[in-house]
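Chains, contacts and geometry: an overview
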2 protein chains.
Amino acid sequence: MSLELFKTLSIKNESKIVFLVIDGLGGAPHGQYEYKTELEASQHPNLDQIAKEALCGLAVPVDYGVTPGSGPGHLALFGYDPVKYLIGRGILEVLGLGMKITPNDLSFRGNFATITKDGIVVDRRAGRISSEETKRLIEKIQNNIKQINNVEIILKPGKEHRFAGVFRHPDLSEEITENDPHKEGNRPHKIQPITDSKKASFTAEVVETFIEKTAELLKDEPKANYILLRGFSKYPNIPTMQQIYKLTPVAIAVYPMYKGLAQIVGMEIIDGCETIKDEIEKLKQLYEKDYDFYYVHIKDTDKLGEDGNFEGKVKKIEEIDKLIPEILSLSPDVLVITADHSTPSVTKGHSWHPVPVAIWSKKVPTPKNNVKRFTEEEFSKGILGTIYMTKILPLAMAYAGKFDKYGA
Amino acid sequence: MSLELFKTLSIKNESKIVFLVIDGLGGAPHGQYEYKTELEASQHPNLDQIAKEALCGLAVPVDYGVTPGSGPGHLALFGYDPVKYLIGRGILEVLGLGMKITPNDLSFRGNFATITKDGIVVDRRAGRISSEETKRLIEKIQNNIKQINNVEIILKPGKEHRFAGVFRHPDLSEEITENDPHKEGNRPHKIQPITDSKKASFTAEVVETFIEKTAELLKDEPKANYILLRGFSKYPNIPTMQQIYKLTPVAIAVYPMYKGLAQIVGMEIIDGCETIKDEIEKLKQLYEKDYDFYYVHIKDTDKLGEDGNFEGKVKKIEEIDKLIPEILSLSPDVLVITADHSTPSVTKGHSWHPVPVAIWSKKVPTPKNNVKRFTEEEFSKGILGTIYMTKILPLAMAYAGKFDKYGA
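Residues numbered from 1 in each chain as written. Chains lettered and ligands numbered in written order. Predicted model: local features only at pLDDT ≥ 70, side-chain atom pairs only at ≥ 80, totals over all residues. Heavy atoms only, no water.

1. Notes on the side chain of Thr-338 of chain A
Residue and element names in this part refer to chain A. Turning to its location among the elements, Thr-338 is positioned in strand β12 (residues 334–338). Overall, Thr-338 belongs to the buried group, its relative accessible area being 0%. A distance of 2.9 Å separates a polar atom in the side chain of Thr-338 from the backbone oxygen of Pro-356. When sequence neighbours within four positions are dropped, the list of residues in contact with Thr-338 reads Leu-20, Val-21, Ile-22, Leu-77, Val-355, Pro-356, Val-357 and Ile-392. (Helix = DSSP H or I, 4+ residues; strand = E, 2+ residues; numbered from the N terminus. Buried < 20%, exposed > 50% of the residue type's maximum accessible area, 1.4 Å probe, protein only. Polar contact = N/O pair within 3.5 Å; in protein donor to acceptor, adjacent residues only side chain to side chain. Contact = heavy atoms within 4.5 Å.)

Take a look at the structure:
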């Protein structure tokens, strides 16, 4: 069903949905640990109790065999087709660095590079200069170049040679080429419009001027004397969760990228959380307020999976498990516990494995599973079966009584 | 696969499919009955025997979390995408009152209302006048206004202040606005064309004239002195089951709406059934005739679910179970037993829960399930898995040998 149709079904009511996303929760069998997954190797009695009471199954984030980035995984969780609504690399980079973006922004990511006097790129990463060095250079550029043709330029340093930024103006377009030659020994490309729209040629001119001015400014730097810009992306044209689902959603997260993704789909963003405990405390404080959708994002499981730290991820799951009763003490109408993708320690990165999903409902009891534990294999026997991740939110809406009947 | 492709696959043969739709059969756990569903709480040895022998699974009527009306549920059962083919409110109302419709008809539903001398709607339901009163008023209108500009007008009274009707003429359009102001204290809207097609402006003119003439006729009625018309809908442009599946289908149902839905997809309609027993008798009588698809609709389970009558629905399931051997005695090539949607007594209405589906086949034995009982949870373990409802009919076609190979 399309978002347009969901819009016609959704109803505003008093029910509250808590949507707990344990990033990278799903795992895969690890040969060094009796071929168990992290969920199988950990003790998590509270999650198991949820599993016994909830509608359980597995969710495929984007499609079978497809490993999602955090953007597509989260869009799918929030009910958006992650193939139709792709969030550009530039935007994710900008959000990841904690910058706020507006609908007038053209986001991008950049590298410092080394170029010869003859204009040949000899190092696309400027010898991987330190983050401190990048910070100094970004300040230097930002202090000298604040705008070009009334287009405001806002930059932020990242790790090592990386940075990101936005061009801010109502007439910008993402339909321009990049200047990164992608191979050393080549000249940087000139930024050019891809279409013959006025906005595209205006944007290409501004960006090219910015690159030239920056090169002039950096010409005496020993390594980082040039910039390569990629991933130009406009603010995505995504209908908000208010528009589609009539929800009043709020996001509780530690990391900027997840706050940014939530902001794009219309959530109010809560700042000031540093730990998982902070997040649960914040959830409790906000529970009496007029929100009806609480997105809570837990990052650590994903990081430990990416590090290949099986035992660390097992311990983190056990730690999170102890916080579940605190969420249940709020007596949410619907509690969803799932992940945006799997991050098995054995593969040390995001993976395509379907993630466990539990939809627990207070008002309308969910059908009985024969599921005893909160693990991938047990959830494959759940009555929900294996579904696409975009189906989770509509089910949560239905159990919260927030969907009207379709057709007479 | 699209209906156009199914059309190229379907073959006419001697096999007969009996398609038993037990309306609202699926349930949900009920807290007052040990968290059992109606199917779990009832004894139905014949359905259980079918479950052991059939291809079993669960069917999602429209989409996850979406509660279907009877229209979308039935279209999905008959193999039509219920999002692509939506049947208008006016048509369902007209069919529900037992009127026959033709491709020239513009259907609508109406209310009697109370309007002041100054033209303000003060009661959109005319004080909920009795059904008898509505019957009298409809006769009065019908006796005085039979046609306008050669457009025939046929009306039928409904319950309380409600009625329905059709405008009959080849040049009508559903692209017109409604006159219901939706809020008391407002003037009724004028009927206007939505597009600039000739048909739309002709239709708007005829409907507006009808409303004015009726108002003139009713001006001395104490309460019901105006009519509000909504849900204008043309006969849907749906290819028939004969065209797509080369079937010769027949519908055995008690209630008019289901006969109407069946008529729209090309089924022959059998009248004269008052009870489930009548329907099974009729099935037996017709079984030797040249039909090859027998749609049998049982309504009572849905009504009892809507009333929240758990025990009544349990007893009704047990009663229906006793009739299964009579159907099997006909030795159908394929017997499908399913529902158009769930109607859990606990939610007292249609719901989004997937419905059990059993496809029993005589000629080609179905794969062995490990399913022991005809219940939602058992069926979630069936070898068919959870499918979209539109997939049921193609499977029945396949087991009946009515689908050719696709591609060489």
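2. Things to note about the interface of chain B and chain A
On the side of chain A, 25 residues touch chain B, which itself brings 31 residues to the contact. Roughly 2200 Å² is buried in total at the junction of chain B and chain A, and carbon and sulfur atoms are behind 66% of that figure. At the surface where chain B touches chain A, the tally comes to two salt bridges. Note that Asp-63 of chain B and Lys-391 of chain A form a salt bridge whose closest N and O atoms lie 3.0 Å from each other. Counting across the chain B and chain A interface gives nine residue pairs in polar contact (both at pLDDT 80 or more). Looking at the side of chain B that touches chain A, the elements with two or more residues in it are α4 (70–77), α5 (89–96), α14 (376–380) and β15 (385–388) of chain B. (Buried area = accessible area lost by both parts, 1.4 Å probe. Salt bridge = Lys/Arg side-chain N within 4 Å of Asp/Glu carboxyl O.)

3. Describing the sheet that holds strand β13 (residues 355–361) of chain A
Residues and elements named next belong to chain A. Strand order across the open sheet formed by eight strands is β10-β9-β11-β1-β12-β13-β2-β14, with mixed pairing between neighbours. At either end of the open sheet lies a strand with only one pairing partner, and these are β10 (268–270) and β14 (385–388). Strand-to-strand twist in this sheet, taken as the mean axis angle between neighbours without regard to direction, amounts to 25°. Sheet analysis places β12 next to β13, joined by four bridges and oriented antiparallel. The residue of β13 that forms the bridge with Val-334 is Ser-361. Each of β1 (17–22), β11 (293–298) and β12 touches helix α4 (residues 70–77); the most contacted strand, β1, lies at about 155° to it. (Pairing = 2+ DSSP bridges. Axes fitted to C-alpha atoms, helices over the stretch in contact; angles between N-to-C directions.)

4. What to know about the packing of aromatic side chains
Think of a pair of aromatic rings as described by two things: how far the centres are apart, and how the planes are tilted against each other in angle. This structure, assessed with the given rule, holds 29 aromatic pairs over all chains. Ring geometry for Phe-6 of chain A and Tyr-245 of chain A: centres 6.2 Å apart, planes at 35°, overall tilted. Here Tyr-245 of chain A lies in helix α8 (residues 241–245) and Phe-6 of chain A lies in helix α1 (residues 3–9), a separation of 239 residues in the sequence. The same class applies to Phe-6 of chain A as to Tyr-245 of chain A, namely buried. A ring pair is formed by Phe-374 of chain A and Phe-379 of chain A, whose centres lie 4.6 Å apart and whose planes are at 50°; its orientation type is tilted. Across the pair, Phe-379 of chain A and Phe-374 of chain A agree in class, each one buried. Three or more aromatic residues joined by ring pairs make a cluster, and in this case those are Phe-108, Phe-167, Phe-210 and Phe-232 of chain A. In this structure, Lys-299 of chain B packs its charged tip against the face of Tyr-255 of chain B, placed 6.0 Å from the ring centre. (Phe/Tyr/Trp six-rings, centres within 6.5 Å; stacked < 30°, edge-to-face > 60°. Lys NZ or Arg CZ within 6 Å of the ring centre and 35° of its normal.)

5. Concerning the relation of the copies chain B and chain A
With an RMSD of 0.2 Å, the fit of chain B onto chain A corresponds to turning through 122° and sliding 0.1 Å along the axis. Both copies are brought into coincidence by an operation consistent with a three-fold rotation axis. (Least-squares fit on C-alpha atoms with pLDDT ≥ 70 in both.)

6. A word on the environment of Leu-217 of chain B
Residue and element names in this part refer to chain B. Along the chain, Leu-217 falls in helix α7 (residues 198–217). Residue class for Leu-217 comes out partly exposed when judged on its relative accessible area of 24%. Measuring from C-alpha to C-alpha, the distance between Leu-217 and Ser-351 comes to 43 Å, with 134 residues separating the pair along the chain. Those residues in contact with Leu-217 that lie beyond four places of it in its chain are Lys-140, Ile-141, Asn-144 and Ile-145.

7. Some remarks on the pattern of salt bridges
On inspection of all chains with the given rule, the structure shows 51 salt bridges over all chains. For Asp-292 of chain B, the salt bridge identified is with Lys-12 of chain B, shortest N-O distance 2.8 Å. A residue pair is termed long-range when its members are at least 10 positions apart, and Asp-292 of chain B in the loop between α10 (276–286) and β12 (293–298) and Lys-12 of chain B in the loop between α1 (3–9) and β1 (17–22) qualify at 280 residues. By relative accessible area, Asp-292 of chain B is classed as buried at 4%. The exposure class of Lys-12 of chain B is partly exposed, given its relative accessible area of 44%. Each of Glu-133, Arg-136, Lys-140 and Glu-221 of chain A takes part in salt bridges that share partners, so that together they form one network.

8. Points about unusual backbone geometry
All names here are of chain A. Positioned with a positive phi, Tyr-35 is a non-glycine residue whose angle comes to about 55°. Mapped onto the secondary structure, Tyr-35 falls in the loop between β1 and α2 (38–41). For Tyr-35, a relative accessible area of 60% gives the class exposed. Non-glycine residue Lys-246 carries a positive phi angle of around 55°. Mapping Lys-246 onto the fold places it in the loop between α8 and β9 (249–252).

9. Some details on the pairing of strand β13 (residues 334–338) of chain B
Residue and element names in this part refer to chain B. The element β13 is largely enclosed, with a buried count of five among its five residues. Residues Val-334, Val-336 and Thr-338 point to one face of β13 and Leu-335 and Ile-337 to the other, with burial holding for every one of them. Looking at chain direction, β1 and β13 are connected through five bridges and run parallel. Note that in β13 the partner of Val-21 across the bridge is Thr-338.

10. So, the domain arrangement of chain A
Residue and element names in this part refer to chain A. The assigned domain composition of chain A is domain 1 (3–87 + 238–399) and domain 2 (92–234). Listed per partner, the contact involves nine residues of domain 1 and seven residues of domain 2. Among the residues domain 1 hides against domain 2, the three largest losses belong to Pro-256, Met-257 and Gln-263. Together they make up 54% of the total. Linking domain 1 with domain 2 are zero salt bridges, by the criterion used here. (Domains from an automatic or database assignment.)

11. Comments concerning helix α6 (residues 131–144) of chain A
Residue and element names in this part refer to chain A. An ideal rise of 1.5 Å per residue puts 20 Å on 14 residues; α6 measures up with 20 Å between its terminal C-alpha atoms. Those residues of α6 that fall on the buried side of the exposure criterion are Thr-134, Leu-137, Ile-138, Ile-141 and Gln-142. Taken end-on, α6 shows its buried residues confined to a sector of 135°, consistent with a single buried face. Residues of α6 that are exposed and angled more than 90 degrees away from the buried face: Glu-132, Asn-143 and Asn-144. Considering only its buried residues, α6 is in contact with β3 (105–115), β6 (151–157), β7 (162–168) and α7 (198–217). (Expected span 1.5 Å × (residues − 1). Arc of directions from axis to C-beta.)

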